[in-house]
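# Chain and residue survey
One-letter residues, chain by chain:
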Amino acid sequence: MNTLEKYIDAAQNKDFEGVAQLFTKFGHYNDYTPNGASQHEFHVYGREAISMFFRNKFFFRQYSLSEPKILNDHQVEFVASFGDFYVVALANLEYAEDGQIQRMTVRPR
C-alpha cells in the first residue's frame, strides 16, 4: 500500500495518529475546501499539530472523506464532509525523499 492509499485508509477509519504518521515531522496540511461551508481555511504545520487537528475533526464529527478516486500517485479526488456541508475535493500530495508527505493541499474540485 503506498502513502496515498494509507492516507485514504487512515482518514476513512478516522485514525488521526495514522494520518499524522504519514507526514514528515514538519509537514504541512492546507485545506481550502471548507471555505464554502462558512468556515475558515485550514493551514496546519507539523506532525503533532496535524494529529491534533484530525483528532478534533474526527472526534467532533466535523470531517469525513468518502468516495475516494486515486488519479495518480500524487492526487486523489474525494467527497469531503464538514458537518452538513459536502464538497468534491482534490488533494495534491508532495512527498519527501523517504516517501512521507511533505505537503498536502486540498482544494474544491
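Residues numbered from 1 in each chain as written. Predicted model: local features only at pLDDT ≥ 70, side-chain atom pairs only at ≥ 80, totals over all residues. Heavy atoms only, no water.

### Topic: the environment of S81
By the element assignment, S81 lies in strand β4 (residues 75-82). Aside from chain neighbours lying at most four places away, what touches S81 is Q62, Y63, S64 and Y86. (Helix = DSSP H or I, 4+ residues; strand = E, 2+ residues; numbered from the N terminus. Contact = heavy atoms within 4.5 Å.)

### A look at the side chain of D31
Structurally, D31 is set in strand β1 (residues 23-31). K57 provides the closest opposite charge to the buried, salt-bridge-free D31, at an N-O distance of 8.5 Å. Within the local environment of D31, its side chain forms a polar contact with the side chain of Y29, the two groups lying 2.8 Å apart. Reaching out from D31, the side chain makes a polar contact with the side chain of T33 at a distance of 2.5 Å. Excluding its chain neighbours within four sequence positions, the residues that come into contact with D31 are E41, F42, Y63, F82 and V106. (Buried < 20%, exposed > 50% of the residue type's maximum accessible area, 1.4 Å probe, protein only. Lys, Arg positive; Asp, Glu negative; His and termini not counted. Salt bridge = Lys/Arg side-chain N within 4 Å of Asp/Glu carboxyl O. Polar contact = N/O pair within 3.5 Å; in protein donor to acceptor, adjacent residues only side chain to side chain.)

### Regarding the nonpolar core
Y7, Y29, F54, Y63, F78 and M104 are the most contacted members of the largest nonpolar core, which totals 29 residues. When residues of this core are traced back to their parent elements, those giving at least two are α1 (3-12), α2 (16-21), β1, β2 (42-45), α3 (47-59), β4, β5 (85-95) and β6 (101-108). When residues no more than four places from it in sequence are discounted, the contact partners of Y29 are Y7, F23, F42, H43, V44, I50, F53, F54, Y63, M104 and V106. (Core = buried A, V, L, I, M, F, W, Y, C linked by side-chain atoms within 4.5 Å.)

### Let's talk about the pairing of β6
Bridge count for β1 against β6 is five bridges, and the pairing is parallel. The residue bridging Y29 from the neighbouring strand is M104, located in β6. Pairing between β5 and β6: seven bridges, direction antiparallel. Along β6, the bridge assignment pairs A91 with V106. The hairpin formed by β5 and β6 contains five residues between the paired strands, and G99 there has a positive phi angle of roughly 95°. (Pairing = 2+ DSSP bridges.)

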